[in-house]
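Architecture at a glance
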Amino acid sequence: MSNPTNPNINQRSTPQWALYQRELFWAPNEGRHPPFNTNPDKLRETARERLSQAGWHYASCNAGLSWTHYANRQAFFRHQIIPRMLVDTTGRDTATTIFGHRVAAPIGFAPIGINRIYHATGELSPAKVAGELGLLYCLSSAGSYSIEDVAAVNGETGVRFFQLYWSPDDAVALSMLKRAADNGFTACMLTTDTWQLGWRHDDVERGNYAFYHEHGAGDLGLQDPAFLQRLDELKLDASDPKDNKRVGAEWIDGHIWHGQSFSWDRIPWLMENWKKLSGGKPFCLKGIQSVADAKKAVEIGVDGIVVSNHAGRQVDGAIASLDALEKIAEAVGDKTYIMYDSGIRGSADVFKALALGAKFVFVGRLWVYALGSGGEEGVRHVMKGLLADFDILMNVAGYPDLKEINRDALDSLPKGAYFPSTMEIA
């Protein structure tokens with residue numbers, strides 16, 4: 001296995017993630033074993049076994065008949081990596097920068113809400129692991145734990161973004177942004193595709209909406225001064241168990257997934273206020289899928305966009321996010337910072353998204369399934385595994401520099417019809 005004193009170790013600015021493979025190969029000699037198999041299909045099954053039924057359905061379900069989810073995964077299959085032999089990879093490094101912040105890899109934690117339904121530690125586990133590994137963490141405004149507590153565990157040196165579901169109550173929206181800015185969140189990411197949840201059959205059948213039930217509003221809402229003022233006006237007591245479900249409904253229905261859409265003409269107001277509160281930190285849009293929208297985002301001056309279809313959880317029968325990325329990168333790749341989200345399951349997927357024009361890639365379901373399967377240890381294991389996988393890929397495929405991962409690194413088949421070979425695609 002890889003020599004633990006190999007020369008690459010001293011020529012890079014990050015840990016040699018590939019050595020995690022050696023550590024796990026040696027582990028049985030010391031009576032140690034990983035918490036689960038990191039193969040995404042097997043991890044998905046582990047999560048199904050260990051999560052509550054409600055947690056499993058919320059983590060795994062997609063909009064409608066899951067066609068967008070299938071399209072996301074199938075799109076990766078038509079792009080194939082071209083390995084390069086006899087390339088000196090001694091100096092390879094996974095480190096990169098995002099908006100001036102150095103991170104250990106072009107891989108981050110996607111914003112995902114209500115993590116407490118997956119594990120009692122909720123957002124605290126992924127935020128802590130992200131800080132430890134030097135990865136970007138993005139907190140969802142639909143989270144279970146407070147902005148302040150998540151920032152504390154992410155650490156003083158942690159690079160963290162705040163994802164906003166835009167409340168139609170300006171006071172609440174600005175209060176969330178102020179809290180994020182005051183607690184070291186270095187960018188705001190507005191989600192544009194989820195004014196309300198898509199139709200998800202399994203969740204609907206079981207009334208599976210945590211905010212209406214025991215979870216309630218969660219600490220992120222319950223520690224917001226503007227929201228607490230609204231509760232006072234409604235004569236609701238957040239500390240009274242009999243008001244818990246009504247408080248949860250007021251938070252989610254009034255300020256997160258409220259069904260009220262916003263349009264382009266309001267973006268400058270939100271962007272201006274975020275920059276005023278944060279001292280000029282970046283403002284990004286998440287959910288961009290068309291070239292026209294990407295050009296509009298550039299025109300109004302946003303700092304970055306996330307090409308994403310919410311992992312197939314919002315619009316059924318939509319285009320694959322990876323196909324959208326290819327077109328968007330060609331149109332505006334030199335004009336804005338492009339990030340990617342939706343369907344990432346392994347290092348080859350990360351590589352392909354980077355090659356097609358993304359500068360940074362977010363993973364979601366991988367760490368959610370890991371959180372539900374093994375808590376903090378599970379999240380650490382799956383993310384260290386993904387980093388090792390990516391480091392090894394750079395080594396054996398002959399791409400020691402992230403800048404060399406471009407369109408020339410892929411051989412792409414013609415775009416065809418998407419017919420999943422199985423209904424069980426992780």
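Whatever comes next refers back to the structure up there.
Here's what I pulled together on the structure shown here. (Residues numbered from 1 in each chain as written. Predicted model: local features only at pLDDT ≥ 70, side-chain atom pairs only at ≥ 80, totals over all residues. Heavy atoms only, no water.)

This next bit is on the sheet that holds strand 9 (residues 304-307). Two modes of strand pairing occur in sheets, parallel and antiparallel, and in both the strands are linked by backbone hydrogen bonds. Judged by pairing direction, the barrel is parallel, and its eight strands sit side by side in the order 4-5-6-7-8-9-10-11 before closing back on the first. Between one strand axis and the next, the sheet turns by 30° as a mean value, whatever way the strands run. Strand direction decides the pairing type here: strand 8 (residues 283-288) and strand 9, joined by four bridges, are parallel. Paired with cysteine 284 across the two strands is glycine 304, which belongs to strand 9. Packing against the sheet, helix 6 (residues 147-154) makes contact with strand 5 (136-140) and strand 6 (160-164), and its axis sits at approximately 165° to strand 5. (Pairing = 2+ DSSP bridges. Helix = DSSP H or I, 4+ residues; strand = E, 2+ residues; numbered from the N terminus. Axes fitted to C-alpha atoms, helices over the stretch in contact; angles between N-to-C directions. Contact = heavy atoms within 4.5 Å.)

Counting across every chain of the model gives 19 aromatic pairs. Ring geometry for phenylalanine 76 and tyrosine 340: centres 6.3 Å apart, planes at 85°, overall edge-to-face. Of this pair, phenylalanine 76 sits in helix 4 (residues 67-77) while tyrosine 340 sits in strand 10 (residues 337-340), and the two are 264 residues apart along the sequence. Look at phenylalanine 76 and you get buried, because its relative accessible area is 0%. (Phe/Tyr/Trp six-rings, centres within 6.5 Å; stacked < 30°, edge-to-face > 60°. Buried < 20%, exposed > 50% of the residue type's maximum accessible area, 1.4 Å probe, protein only.)

Burial along strand 9 is two-sided: Gly304 and Val306 and Ile305 and Val307, pointing in opposite directions, are all buried. In this fold, strand 8 hands off to helix 13 (residues 291-300), which returns the chain to strand 9; that crossover is right-handed. Each parallel crossover has a hand, and for strand 9 linked through helix 14 (residues 321-332) to strand 10 it is right-handed. (Right-handed = clockwise from strand over helix to strand, strands pointing away.)

A few words now on helix 14. With 12 residues, helix 14 extends 16 Å from end C-alpha to end C-alpha; this agrees with the ideal 16 Å at 1.5 Å per step. Listed as buried for helix 14 are Ser321, Leu322, Asp323, Ala324, Leu325, Glu326, Ile328, Ala329 and Val332. (Expected span 1.5 Å × (residues − 1).)

Within the secondary structure layout, serine 278 lies in helix 12 (residues 267-278). Here the side chain of serine 278 touches tryptophan 274 through a polar contact of 2.8 Å, landing on its backbone oxygen. (Polar contact = N/O pair within 3.5 Å; in protein donor to acceptor, adjacent residues only side chain to side chain.)

With that settled, the discussion passes to the packing of helix 7 (residues 170-182) against helix 12. Packing of helix 7 against helix 12 leaves a shortest axis separation of 9 Å and a crossing angle of 35°. For the element pair helix 7 and helix 12, the recorded crossing hand is right-handed. Mapping the contact onto sequence places Asp170, Leu174, Leu177, Lys178, Ala180 and Ala181 in helix 7 and Trp269, Leu270, Asn273, Trp274, Leu277 and Ser278 in helix 12. (Left-handed = near helix turned anticlockwise from the far one by under 90°.)

With six of its six residues buried, strand 8 lies for the most part within the structure. In this structure, strand 7 (residues 188-191) lies alongside strand 8, joined through four bridges in parallel fashion. In the sheet register, methionine 189 faces strand 8, and the bridge partner there is cysteine 284.

This paragraph deals with the pattern of salt bridges. Counted by the stated rule, this structure contains 28 salt bridges. With a shortest N-O distance of 3.2 Å, arginine 48 and glutamate 45 are connected by a salt bridge. With arginine 48 and glutamate 45 both in helix 2 (residues 40-50) and three residues apart, this pair spans about one turn of that helix. For arginine 48, a relative accessible area of 33% translates into the label partly exposed. Here aspartate 182 makes a salt bridge to lysine 178, at a shortest N to O gap of 2.7 Å. Of this pair, aspartate 182 and lysine 178 both sit in helix 7, four residues apart, which is roughly one turn of the helix. What you see here is one network of salt bridges that share partners, running through Arg78, Asp323, Glu326, Arg407 and Lys415. (Salt bridge = Lys/Arg side-chain N within 4 Å of Asp/Glu carboxyl O.)

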